[in-house]
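Architecture at a glance
Here is what each chain is made of, one letter per residue.
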Amino acid sequence: MSSTELPGVRAATAAVAPKVAAVRVAEGEELRSVTLPGLTLNVRSRPPARSGLTHALYVHGLGGSSLNWSALMHLLEDVVDGEALDLPGFGDSPPPDDGNYSLTGHARAVIRFLDAAGHGPVHLIGNSLGGAVSTRVAAVRPDLVRTLTLISPALPELRVQRSAVPTALLALPGVVSLFTRITKDWSAEQRTKGVLELCYGDPTRVTDEALRNAVEEMERRIQLPYFWDAMARSARGIVDAYTLGGQHGLWRQAERVLAPTLLVYGGRDQLVAYRMARKAAAAFRDSRLLTLPDAGHVAMMEYPETVALAIRELLDDCGGS
């Protein structure tokens, strides 16, 4: 998300750490590991309702995982053969061997996965960081993308919301070490509730079961020795990508996207400004816009039925299902 690659990355940071706990698998889901040269990706999927469906790939945001897509994948399993991957260093995917968490590095991982899978053009669906990654993939490899859906994509903003500043600060050297010292006594539940407050338009919509599952996943993640490194370096990758101009600039790449594009923005998003919806709709040449005034940063988790309906309409109009 290569000009944003970080020099001097020690090989030790890319070492695969032993699993600290099993990753949750929702009913009807399957997990598999895909090994590519220098890269191993965890992939979550649901068996399609019938054979012959076109493929979809879901790409999560900063600090997220393939679990973020469970509800939406279930709702769309009758129209697409869907897979959600864990980006390198997130979910159950170990760090990449080269330690590259730049936006370009993440986009390269998606491209390599799609090339290896050989599914042909897919319906590419990304959230936040995953939205920026998906934008780059669609721009540089249009042959891989049939349609594009971006949910609160992390595209450059000239005036960043105040509530998004703490996340951006993770990119600064030393901030992660300071934050981990300050929060060393926080429980997994405290950390999880803080994330929900930041990402949801209305955190009270989260069910007790969903909260328990999120706390369990948080407990697992914070035990991974590379968790904060992946977070910090990926945040730095986003910030670095925001500074790029010319053909590598994300807004310039958005203008190059040929695939029909669905844009989803939440009115209560504290990380990506709602006002960016109009700019995005103008940048993507073949776009449609869904605005959800009460949604936050993860509309596919807050309003999965509404998002699924919009994706169905996109696929129907494009003859892609």
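See the structure shown above.
The paragraphs below set out a description of the structure included in this document. As the structure is a prediction and not an experimental result, all values here were calculated from the model.

Some points on the packing of helix H2 (residues 103-117) against helix H3 (residues 129-140)
In the contact formed by H2 and H3, the axes pass within 9 Å of each other and the chain directions differ by 65 degrees. On the basis of their axis angle, the class for H2 and H3 is roughly perpendicular. In this structure, the crossing between H2 and H3 has a hand that is right-handed. Contacts from Leu-103, Thr-104, His-106, Ala-107, Val-110 and Ile-111 in H2 reach Leu-129, Ala-132, Val-133, Arg-136, Val-137 and Val-140 in H3. For the contact of H2 with H3, the residue count by class is nine nonpolar, two polar and one charged.

Quick look at the pairing of strand S4 (residues 81-85)
Taking burial as the measure, the five residues of S4 include five buried ones, the bulk of the element. Of the two faces of S4, both are covered, the one formed by Asp-81, Glu-83 and Leu-85 as well as the one formed by Gly-82 and Ala-84. Across five bridges, strand S3 (residues 55-59) lies against S4 in parallel orientation. Bridge assignment links Ala-56 to a residue of S4, and that residue is Gly-82.

Thoughts on the nonpolar core
In terms of nonpolar packing, the biggest core is built from 53 residues, with Leu-57, Leu-148 and Phe-284 touching the most fellow members. For this core, the element with the most residues is H2, which contributes seven residues. For Leu-57, the residues in contact, after removing those within four places along its chain, are Glu-83, Leu-85, Val-110, Phe-113, Leu-114, Val-122, His-123, Leu-124 and Ile-125.

Remarks on the packing of aromatic side chains
Taken as a whole, this structure holds two aromatic pairs when the rule is applied. Judged by centre distance (5.3 Å) and plane angle (40 degrees), the rings of Tyr-58 and Trp-69 are tilted. Here Tyr-58, found in strand S3, pairs with Trp-69, found in the loop between S3 and helix H1 (70-75); they are 11 residues apart in sequence, far enough to count as distant. Owing to a relative accessible area of 0%, Tyr-58 belongs among the buried residues under this scheme. With relative accessibility at 0%, the residue Trp-69 sits in the buried group.

Describing the sheet that holds strand S7 (residues 261-266)
With respect to topology, eight strands assemble into an open sheet ordered S1-S2-S4-S3-S5-S6-S7-S8, the strand pairing being mixed. A strand with exactly one partner marks an edge of an open sheet, and here the two such strands are strand S1 (30-36) and strand S8 (287-292). For this sheet, the mean inter-axis angle between neighbouring strands, taken without regard to orientation, is 20 degrees. Pairing between strand S5 (residues 122-127) and strand S6 (residues 145-151): six bridges, direction parallel. Considered in S6, the bridge of His-123 is made with Thr-147.

Rules used in this analysis
- Residues numbered from 1 in each chain as written.
- Predicted model: local features only at pLDDT ≥ 70, side-chain atom pairs only at ≥ 80, totals over all residues.
- Heavy atoms only, no water.
- Axes fitted to C-alpha atoms, helices over the stretch in contact; angles between N-to-C directions.
- Helix = DSSP H or I, 4+ residues; strand = E, 2+ residues; numbered from the N terminus.
- Parallel < 35°, antiparallel > 145°, perpendicular 65-115°, else oblique.
- Left-handed = near helix turned anticlockwise from the far one by under 90°.
- Contact = heavy atoms within 4.5 Å.
- Nonpolar A, V, L, I, M, F, W, Y, C, P; charged D, E, K, R; others polar.
- Buried < 20%, exposed > 50% of the residue type's maximum accessible area, 1.4 Å probe, protein only.
- Pairing = 2+ DSSP bridges.
- Core = buried A, V, L, I, M, F, W, Y, C linked by side-chain atoms within 4.5 Å.
- Phe/Tyr/Trp six-rings, centres within 6.5 Å; stacked < 30°, edge-to-face > 60°.

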